[in-house]
Structure formats: structure tokens, C-alpha cells
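Fold and contact review
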Amino acid sequence: MLSYDELTSPERELWDAFPEGRRVDLRTGVPEDDRVVEGGQWGAGRTVRAAVIVALLLGMNTTQPGAVACLRLAGARITGPLDLAGAQIGQSLWFEDCWFEEPVNLFGASTRTLVITGSRVPGIDAGSAHIEGNVDLRRSLLESGASSPFNHDITALSLTNARVTGGIVLNKAEINAPGGWAVAAGGLVMEGGVFCRGGFLARGEVRLLGAQLPGGLFMQGAQLTEPGPRGVALALDNAVASTLDFSGGFTANGTVRLQGTRASGTLTFEGAVLNGPPDGRGPSLVAPLMQAVDFDFTLARPPSGTVDLQGAQVSHLHDGEHSWPEAVELDGFVYGSIKVDEAAGRREAARRRNSVPHRVAWIRRCPGYNPQPYEQLASWYRKAGHDDEARRVLLAKQRHRRRTLPWAARAWGHLLDVTVGYGYRPWLAGVWLLALTLLGALSFSTHAPRPVQRGEGAPFQPLVYTLDLLIPIGGLGQRTAWYWPNGSLQWLAYLLIAFGWILTTAVIAGVTRALQKS
């Protein structure tokens, strides 16, 4: 039990100021002497024991009538463990430009607004805490040191299963846990937003698994480096947010995981850099089953690793020339529209010159053959009123599929492609019919055939005779009435009959296939 007589001069000043909520400022006003990184060297005149702060927050100095108690401390060196685990704290905590000797433990505590700005802290554990207000850690340096049964051994900031009724502000903060967890906030429930802007730097994995962020997550310009053994820089699996903003130079030197993440508004990577894990062997973005309304993937440069969007669903996709790496996973990816980022601004991708070859090449970056990406792209073209482009995409799908078939099926596929374009180019059958008709009519007009039965049958007509050979169903009375003594012309007649059957079969098969897919 602390007594007033045991307190040092700065501690007595804080003790007296607490009931009235007055700020105690121990800074000298000299920039060289107030540098927080050198706070470990501050003397007794700027030192406050953590035990004194704990005693105040647990009711050692009661509130005065007519005043709101609040702990406000600036420029102090705080020694010893600030252990408030499980405490019920009715006052706000404000620390500015302070140097903490040991971690801050708020595990399971209930408190009001927590402000630690411009300070150096060897870890904060606020797991399972209930905070009525904001958490403000702007410009602070947090280093690994806090640990609990729920976290990795190396954790700098823990908000696991915490509930915050306001927002979390980490602008310009530096959080260091190289190879560990810089931020562990799985199961975090927010009522406000999370802001990591203005030069936010995290060394280690930032984890927000299953977090509920109705106010959004804003990481414009944030830098995420030195991930753990898994190579993950940011893990947002199964998180729910209104907005996820990773724009304005956001850089992740590790995998960004958005598996099952849902954004009711915008998910943007505009101007971001996704470098993937440092060893170069992991994906840059893993977002299967992700859902968003607007998905802006106009990166500053192509990702170094793969991008996995399997089963993802977005209403509007925005991409550009730097959006896609050499390998992408698009099986099951569903989108309502695509807009491209160009020098003149954004425009509907379907109106872009060479849109189909560009989009087919995009799909071809997927390993192996999957029909869904082609069918999704064709569906989008149809909805946009570009039916010809949709047919070209489906034709490209059949050509891609053909590569996976046995040799006999590939041969039949080549025949369907050449004759009717797998049913998506039925006019090719007319071209073949016209060419073969001209060939036959000109060849047969150079010689005179012999009648099968003299004096019977219609007069010989080269054009009608050729059509009679090419059309396998029915008859025009020419094919059965005449034959050729010339062996080459008779073989030509046989070939035209064969071509007629092949062409008819191809037309029926191709058109049937096209109608079934439509």
C-alpha cells in the first residue's frame, strides 16, 4: 500500500492532479532533452513508478466533487510493470511522449479512452479488454514484449477479442515484432474505424482474423515488413468491414490474406505495392471467397507473387496494366463489371481496343484449364451487350480445353474449329460450302459424265450435281444419274460426298454445343 509520504515529487504532482483531471507535463521544452528514444536516461525528476499509476486508477485517490478524474501524463519515464489486467477503470488514460520501462497489461480490463501518443512502449496487451472510447497510439513506438496465452510469443500490440466502442488510431506509429506478430487483433469488435495512415510501419505480421470493422480499415501509405515464418504481412481472413483501403503507396513485403473477407463498400489497392514474401516463393494476395462491392486493384506495379481470387465475388472490378502477375487463380471469381485504368481515366473494359485478346490472356495466366473464368467473362460481355465478344471468349475456351484432351478428341476439336468454330462461327460452314461448290462446279464442267441409264434422268448440270454430292440428306436427281469414267473426277465426287457428311456433322455438333452453353 502506497502512502503519500513515499511519493517522489513528480509522483505527488500526478497524485494531486488526478482527481481534477489536470495534465502533468514533465517535459523540459528542450528538443534534445525530450527525445523519447532516450527516455531511459531521464532522471528522478521525470520518473514515475507504474505502481503509482495503478494505485490511482484502482481508487487510491478518490474523485473530487465537481471534477472528472483523468490520468494525464506527459514526458515521463515510467518504471516497473503497468499491470491493470482485469481491472475496472472508470477514468481515461492519457500518456504523451512517455518512455515505458515494461509492457502495459490491460488484458481483460474495462476502461475508457486509452491514449498513448509519441511514446515508447515495450508491448501493450489489451486482449479481451472493453474500451469505452478510442484507442490512440499515434506516433508511438511499440516493441515486442507483451505476451499472453492467446498470442504468439513475440507480440507488440494485442487486441485479441477486444471490444472498442470508438476508433483505433495508429497513424505514424511504428510497431516492431520482426518475425512475429506486430498486431494481434483476431476477433476484435469495433464500433469505429481503424486508422493506420501517415507513415504507419509494422515489422511483423498484422493479424485481424475475424475482426468486425464497421467503421472500416484505412492503411493508406502503410508499410508492412519482416513477416513471420509463414511470410504473411497482413491477415484479414473472415473479417467484416465497410471499407478496406490499402491505397496511396501501401506496401506489403509479405502475403496479404483476405480469405472470406467481406467489405460492404470499397476494397481498394489503388497505387499499392504487393511484393509478396521476402523469399519470393509465396503469393502476394490470397483472397478466395472474398466479397466486396468495389474492388480496385490498380496497383503501382505488378505483384511479385501469385494472386488468388478463387470463389471471390465483387460487383465492380477495376484493374490496370500493373494489376496482374504471371500467375493468377480465377476459378470461381465472379464480377458484375470491369473498368480499366487508362491515361485518359477509367472506362468500361468492353469498349477497350483488343479487349477480348487482353482478357483471354488474363485468364490464360491461370494454371491448368478451368471453364468458369471463360464463362464468367462471356457472361459479362453479354450483359454489356457485346455478344460477338462473348462468342469469341467461348471459342477461346474450347481451344484451351482442346489442349487437355486425348489426340483423337483433339483431332475432332480441330475439325470443329476449322469448319464451324465450335458452333460460335457457323458462317464458316457457308464459306466451306461455297468453296467446295465452286471447286466441284468448275472441275465437273471440264468433262462430260456418262449416264447410269441412257435416256433417263435430268440433263447434267455441274453446279446442281456438286450440290447433290455435298448435301447428304435428300437428293436432286443428279448424283444417282451420272458417273465419271475419269478416275480423278470420280474420286473428287467421292471426296465431296465425304466432305458433305463431315461438314453437316460438324455444323450439327457445333451448333448443338453452342446452344447448350447459351
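My aim in this report is to walk through the structure given alongside it, one point at a time. (Residues numbered from 1 in each chain as written. Predicted model: local features only at pLDDT ≥ 70, side-chain atom pairs only at ≥ 80, totals over all residues. Heavy atoms only, no water.)

1. Brief notes about the packing of helix α4 (residues 371–383) against helix α5 (residues 387–402)
Counted only if it meets this: Lines are fitted to the C-alpha atoms to define the axes, a helix being fitted only along its stretch in contact, and any angle between axes, read from their N-to-C directions, falls within 0 to 180 degrees. Counting from the N terminus, the helices are DSSP H or I runs at least four residues long and the strands are E runs at least two residues long. Throughout, the term roughly parallel applies to angles under 35 degrees, roughly antiparallel to angles over 145, roughly perpendicular to angles from 65 to 115, and oblique to all others. Contacts are assigned to residue pairs with any non-hydrogen atoms lying within 4.5 Å of each other. Nonpolar residues are Ala, Val, Leu, Ile, Met, Phe, Trp, Tyr, Cys and Pro. Charged residues are Asp, Glu, Lys and Arg, and all others, Gly as well, are polar.
Axis separation between α4 and α5 bottoms out at 7 Å; the angle between their running directions is 170°. On the basis of the axis angle, α4 is roughly antiparallel to α5. Listed contacts from α5 to Pro371, Tyr374, Glu375, Leu377, Ala378, Tyr381 and Arg382 of α4 are Asp387, Glu389, Ala390, Val393, Leu394, Ala396, Lys397 and His400. The residue inventory of the contact of α4 with α5, partitioned by class, reads 9 nonpolar, 1 polar and 5 charged.

2. Some remarks on the nonpolar core
Formally: Grouping buried Ala, Val, Leu, Ile, Met, Phe, Trp, Tyr and Cys residues that are joined through side-chain atoms within 4.5 Å yields what is termed a nonpolar core. In this scheme, a residue with accessible area under 20% of its type's maximum is buried, one over 50% is exposed, and one in between is partly exposed, where area comes from a 1.4 Å probe on protein chains only.
Within the largest apolar cluster, 123 residues are counted, with the highest numbers of intra-cluster contacts made by Leu73, Phe95, Leu188, Phe250, Phe269, Leu285 and Leu309. Beyond its immediate sequence surroundings of up to four residues, leucine 285 is in contact with Val256, Leu258, Phe269, Leu274, Phe295, Phe297, Thr306, Val307, Asp308 and Leu309. Counting residues in hydrophobic clusters, the runner-up holds 11 residues, among them Leu436, Phe444, Trp484 and Leu492.

3. A word on the packing of aromatic side chains
Here is the rule: Any two rings among Phe, Tyr and Trp, with Trp reduced to its six-membered ring, count as a pair given centres within 6.5 Å; such a pair is stacked if its planes are under 30 degrees apart, edge-to-face if over 60, and tilted if neither. Throughout this description, the term charge over a ring refers to an Arg CZ or Lys NZ atom that lies within 6 Å of the ring centre and within 35 degrees of the ring normal.
In the structure shown here, the tally under the stated rule is 13 aromatic pairs. With 5.1 Å between their ring centres and 50° between their planes, phenylalanine 246 and phenylalanine 250 make a pair best called tilted. Classification of phenylalanine 246 as buried rests on a relative accessible area of 0%. Classification of phenylalanine 250 as buried rests on a relative accessible area of 0%. Seen from their ring centres, tryptophan 380 and tyrosine 381 are 4.7 Å apart, and the 45° between their planes marks the pair as tilted. No difference in accessibility class separates tryptophan 380 from tyrosine 381, as the two residues are buried. The rings of Phe246, Phe250, Phe269, Phe295, Phe297, Trp324, Phe333, Tyr335 and Trp362 are connected pair by pair, giving a single aromatic cluster. Here the guanidinium or amino end of arginine 72 rests over the ring plane of tryptophan 94, the centre of that ring lying 4.9 Å away. Lying over the aromatic face of tryptophan 362, arginine 359 brings its terminal NZ or CZ to 5.1 Å of the ring centre.

4. Quick notes on α5
Helical periodicity: at 3.6 residues per turn, an α-helix aligns residues three or four positions apart in one direction. Convention followed: A helix is expected to span 1.5 Å multiplied by its residue count minus one.
Spanning 16 residues, α5 covers 23 Å between terminal C-alpha atoms, matching the ideal 22 Å at 1.5 Å per step. Along α5, the residues classified as buried are Ala390, Val393, Leu394, Leu395, Ala396, Lys397, Gln398, His400 and Arg402.

5. Regarding the pattern of salt bridges
Should their charged atoms come close, side chains of opposite charge can pair. Convention followed: Should a side-chain nitrogen of Lys or Arg be within 4 Å of a carboxyl oxygen of Asp or Glu, the pair is scored as a salt bridge.
In total, this model carries 22 salt bridges according to the counting rule given. Put simply, arginine 23 and glutamate 96 hold a salt bridge, and the shortest N to O gap is 3.4 Å. Here the residue arginine 23 occupies a position in strand β1 (residues 23–25), and glutamate 96 occupies one in strand β6 (residues 93–96), the gap between them amounting to 73 residues. Salt-bridge contacts for arginine 207 lead to glutamate 205; the nearest nitrogen and oxygen are separated by 2.9 Å. For the residue pair arginine 207 and glutamate 205, the accessibility class agrees, reading buried in each case. One network of salt bridges, with partners in common, ties together Arg23, Asp25, Arg27, Glu96, Asp97 and Arg139.

6. Re the environment of arginine 401
Tracing the sequence through the fold places arginine 401 in helix α5. Measuring from C-alpha to C-alpha, the distance between arginine 401 and glycine 368 comes to 9.4 Å, with 33 residues separating the pair along the chain.

7. Observations concerning the pairing of strand β34 (residues 313–319)
Keep this limit in mind: Following DSSP output, two strands are said to pair if at least two bridges run between them.
With 5 bridges connecting them, strand β32 (residues 291–296) and β34 associate as parallel partners. Directly across from glutamine 291, in β34, lies its bridge partner glutamine 313.

8. Describing empty space enclosed by the protein
A probe matching the size of a water molecule, rolled over the atoms, marks out where space remains unfilled. Definition in use: A 1.4 Å probe that fits into a set of points on a 1 Å grid over the protein atoms alone but cannot get out defines a cavity; an open set with protein on both sides within 12 Å along at least five of seven lines defines a pocket, and lining residues are those with an atom within 4 Å of a point. Grid points are joined across faces, edges and corners, and a volume is the space filled by probe spheres set on the points.
Following the criterion strictly, the structure yields 3 cavities of 30 Å³ or more and no others. The computed volume of the largest cavity comes to approximately 80 Å³. The wall of the largest cavity is formed by Leu159, Ile168, Leu170, Val183, Leu188, Val194, Cys196, Val206, Leu208, Leu217 and Met219. Tallied by class, the residues present in the lining of the largest cavity amount to 11 nonpolar, no polar and no charged.

9. Observations concerning helix α3 (residues 355–363)
We count it as follows: Summarising the geometry, the arc corresponds to the directions from the helix axis toward the C-beta atoms.
Every buried residue of α3 is accounted for by Ser355, Val356, Arg359, Val360, Trp362 and Ile363. Along α3, the residues classed as buried sweep out an arc of 150° about the axis, all on the same side. Each element contacted by the buried residues of α3 is listed here: β34, β35 (328–329), β36 (334–342), α4 and α5.

10. Concerning the environment of threonine 466
Considering the arrangement of structural elements, one finds threonine 466 in helix α8 (residues 462–470). Exposure remark for threonine 466: the relative accessible area of 0% places this residue in the buried category.

11. Focus: the side chain of threonine 255
Along the polypeptide, threonine 255 turns up in strand β28 (residues 255–257). Leaving out residues up to four positions away in the same chain, threonine 255 has contacts with Gly231, Val232, Ala233, Leu234, Gly276, Pro277, Gly282, Pro283, Ser284 and Val286.

12. Let's talk about unusual backbone geometry
Not every positive phi belongs to a glycine, and serine 128 is a case in point at roughly 60°. As for its placement among the helices and strands, serine 128 is situated in the loop between β11 (124–125) and β12 (130–136). Non-glycine residue asparagine 161 carries a positive phi angle of around 60°. Among the secondary structure elements, asparagine 161 is positioned in the loop between β14 (155–158) and β15 (163–164).

13. So, the pairing of β12
Pairing of strand β9 (residues 110–117) with β12 involves 5 bridges; the strand directions are parallel. The residue of β12 that forms the bridge with serine 110 is histidine 130. Taken together, the 2 bridges between β12 and β15 define a ladder with parallel strand orientation. Of the residues in β15, the one forming a bridge with isoleucine 131 is valine 164. As judged from the 2 bridges shared by β12 and strand β16 (residues 168–169), these two strands associate in the parallel manner. Residue pairing in the sheet places aspartate 136 in a bridge with valine 169 of β16.

14. A few points about the environment of isoleucine 497
Here isoleucine 497 lies in helix α9 (residues 487–517). Residue classification places isoleucine 497 among the partly exposed residues on the basis of a relative accessible area of 24%. Each C-alpha atom, one on isoleucine 497 and one on leucine 469, is 5.0 Å from the other, the two residues being 28 residues apart in sequence.

15. Considerations on the packing of α3 against α4
What counts is decided by this rule: For any pair of crossing helices, the crossing counts as left-handed if the nearer helix is rotated counterclockwise from the farther one by less than a right angle, and right-handed if it is rotated clockwise.
Packing of α3 against α4 brings their axes to within 10 Å, and their N-to-C directions diverge by 155°. Classed by the angle they form, the pair α3 and α4 counts as roughly antiparallel. Crossing of α3 over α4 shows right-handed handedness. Along the contact surface, α3 presents Ser355, Val356, Arg359, Val360 and Ile363, while α4 presents Pro373, Tyr374, Leu377 and Tyr381.

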